[in-house]
Structure formats: structure tokens, C-alpha cells
There are 2 protein chains.
Amino acid sequence: MAFTIKEASERLGCPAHTIRFYEKEGLLPYIKRDKNGNRLFEQDHLDWVRLMTCFRATGMKLSLLKEMVNLALDGDSTIPQRKAILNQYKEELFLRQNELAEALDAVNNKLSIYEDIEKGRIPSESQLLIKMEESE
Amino acid sequence: MAFTIKEASERLGCPAHTIRFYEKEGLLPYIKRDKNGNRLFEQDHLDWVRLMTCFRATGMKLSLLKEMVNLALDGDSTIPQRKAILNQYKEELFLRQNELAEALDAVNNKLSIYEDIEKGRIPSESQLLIKMEESE
DNA sequence: GCTTGCCTTAAAGCGTACTTTAAGGCTTAG
DNA sequence: CTAAGCCTTAAAGTACGCTTTAAGGCAAGC
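Rules used throughout
- Residues numbered from 1 in each chain as written.
- Chains lettered and ligands numbered in written order.
- Predicted model: local features only at pLDDT ≥ 70, side-chain atom pairs only at ≥ 80, totals over all residues.
- Heavy atoms only, no water.
- Near = heavy atom within 4 Å.
- Polar contact = N/O pair within 3.5 Å; in protein donor to acceptor, adjacent residues only side chain to side chain.
- Helix = DSSP H or I, 4+ residues; strand = E, 2+ residues; numbered from the N terminus.
- Nonpolar A, V, L, I, M, F, W, Y, C, P; charged D, E, K, R; others polar.
- Contact = heavy atoms within 4.5 Å.
- Buried area = accessible area lost by both parts, 1.4 Å probe.
- Salt bridge = Lys/Arg side-chain N within 4 Å of Asp/Glu carboxyl O.

Chain A is annotated in an unreviewed UniProt entry as MerR family transcriptional regulator of Cohnella thailandensis.

Caption draft 1: Up close: the protein's contact with DNA strand D. The local shell around DNA strand D holds 17 residues, among which K6(A), R20(A), R39(A), Y22(B) and N36(B) are the closest. Per the 4 Å cut-off to the protein, sugar and phosphate atoms form 82% of the nearby atoms of DNA strand D. Side-chain polar atom of R33(A) to a phosphate oxygen of DNA strand D: 3.2 Å apart, as the coordinates give it. Those elements giving two or more residues to the surface near DNA strand D turn out to be α1 (5-12) of chain A together with α2 (16-24) of chain B. Sort the elements by how many residues they give to the surface near DNA strand D and α2(B) lands first, with four residues. Class assignment of the residues belonging to the surface near DNA strand D gives a composition of five nonpolar, five polar and seven charged.

Caption draft 2: Quick peek at the protein's contact with DNA strand C. Neighbouring residues of DNA strand C: 17 residues in total, closest Y22(A), N36(A), K6(B), R20(B) and R39(B). In this structure, L62(A) approaches DNA strand C through a main-chain N or O atom, which is 3.1 Å from a phosphate oxygen. Contacts to DNA strand C include R20(B), whose side-chain N or O atom sits 2.7 Å from a phosphate oxygen. Breaking the surface near DNA strand C down by element, the ones donating at least two residues are α2 (16-24) of chain A together with α1 (5-12) of chain B.

Caption draft 3: Representation of the interface of chain A and chain B in the model. Counting residues at the interface gives 51 residues for chain A and 51 residues for chain B. Between chain A and chain B, the buried area comes to about 5100 Å², and carbon and sulfur atoms account for 73% of it. Where chain A packs against chain B, one counts four salt bridges. K83(A) serves as the salt-bridge partner of E118(B), at 2.7 Å between the closest nitrogen and oxygen. Where chain A touches chain B, the interface holds six residue pairs in polar contact (both at pLDDT 80 or more). Residue assignment for the side of chain A that touches chain B shows that the elements contributing at least two residues are α3 (43-57), α4 (62-73), α5 (79-118) and α6 (130-134) of chain A. Here the side of chain A that touches chain B takes 26 residues from α5(A), the largest share from any one element. Residues that form the side of chain A that touches chain B fall into these classes: 28 nonpolar, seven polar and 16 charged.

Rendered as C-alpha cells:
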């Protein structure tokens, strides 16, 4: 079963233009065409786009995705390199988890300061930026 | 105690050009100057840049940071709005945590598939992209 | 006094990842 | 037969966040 670009777009929740762009960039090799030259997507292609979307959402660059595509096209002998890429990416994911945790801490801290100010527990002058205003 | 831009840059691990850029964008109001027109940074400014860096690393846009600066400059009456912004940002952080978790799952899954192939447990044809190659 | 190294500004340039535009072709409904 | 609605391509445009360039000023060391 094959899908038109419109069907692919709907199933992926991703603009058709973006899918074409990915193909043009070499991220979607071996997309067949019908007699009119229209793209025919297989389920595998959709799965791969979904995986790319998942990786993209967490900061993987298109250039790295393309590297992985190229390695995959070179066969099983490149599996060690693909593993290395994924393991490195995994390290980045851990870094990002830490960054998120830090940002969450900072947000919660800021929110609790706002609460304190609202309840008159601390004067606003101890608040960042407002202090700057004072020193004006 | 005030710092030159070079000192600020060193302490923040952030290029001086970027700090100037932030000031130009209104993200660092009320930076004083010495008699030669050189910027003098207070500890508060460094703290705020650090917080911005933390928020930026997790996807907050400069335009939103600027909104928060502007609200802060308008005084305590804008605290509800600032809280609303931070609470919304917090929701985004949770979304990102989920995205990271999903990506980690996907990476681990892919890695285990590679292991299986390397150990001959499954044929490479079941592997994404390589299947595409086959259908060529 | 002149070089070095910092500082200043304004403006242009860059990388990433799309997104939009323009120009045109096939197919199906009326 | 013609208009709607999909498809195609190539190329230009956009948004964001810096980063680099250009042109020049002050200040300390030799």
C-alpha cells in the first residue's frame, strides 16, 4: 500500500512541502513515483519521517540525520558508525535533560519569589531587574 | 563592584558581542557606562544573563525574555502576567521532557536493533532504510 | 609618539530549517 | 471544455539568534 504526499502529510501531521524538502535533502531516498511523477510513500517512509521528527524535536540536526541515511545506504558494515552517532546523541539527550531540570528549578524559584512579593513577604527590590530600575 | 564587558564575558563564558547584542535588544536595561562610554556590569546583570542563558538553552525565545524584562520594568503590578508567562513556559518544559523521553526510547530501540543485527539475531532487511534499499 | 589591545557603533552576513512563491501540468467533476 | 484541486519543480523568502565586519576611539606600555 502506497500513499500520496497528501495522505502522508495528513498521517504525519507534517506539511507536504516539508516532506518534499526532506526528500530533496536526501533524507528520504528511494521514494517511487507513479506514472505522472507523483511520489508514492510506503509505510516505511512514514515511519522514518516520524523517527526523524522525534529526533529533530530534541535537537538532532538534519545534517546528522542525513549522515545516518547515507551510512544505512552503505549497508550493515556501517552499523558501528551508526551506533557511535546514536550513542553520542544519547549523551546530548542526557545533557538536555539536565538543562531542563535546571530551567525547571529556576522557574520554580522565580515563581516562588513572585508569590512572596505578592504576599508582601519580601520587598520587590530584592527582585532581579527591579533592582536595576532602582539603581537608575 | 562593576565589571568590564571582558570580565563579564569571562565570568559568563559568553562572547562579549553576544552581551552587547542582548543589551541592544533591550534584554539588559540600565547598564551604566564609565567616562569613556564603556559598559559597567553589576553582579545583578550577570545573574540575569545567566538566567537568560538557562532559559534560552531550553528553548525560550528572546522575544519572550524581552517581554519579561519589559513587564519587570513596569513594576510589581505586572507580576501576575510574569507568573502566567513562567507557568506557560513550565508547561513547555514538561512537553520537552516528554519529547526527550520519547527520543531516548527511540534511540535505545534503534541501538538494540543494531546489536541484534550485529549478533545475527535478525536480518538487516527488517531495518529501516535498508528495506528501502531492497525495494529499489 | 606609536603600537597594542581593549572598547565603541552600525550594519551586514550566516546557519538552520523550513516556508512561500511562481510557473506550470494532469485529472476529475460539472 | 473548463474550472478546481491536486501534483510537479526551482528558487526566493523568512525567522531566529547570533557572529562577523568595518571603521574608528581611548589608554597604557615601550
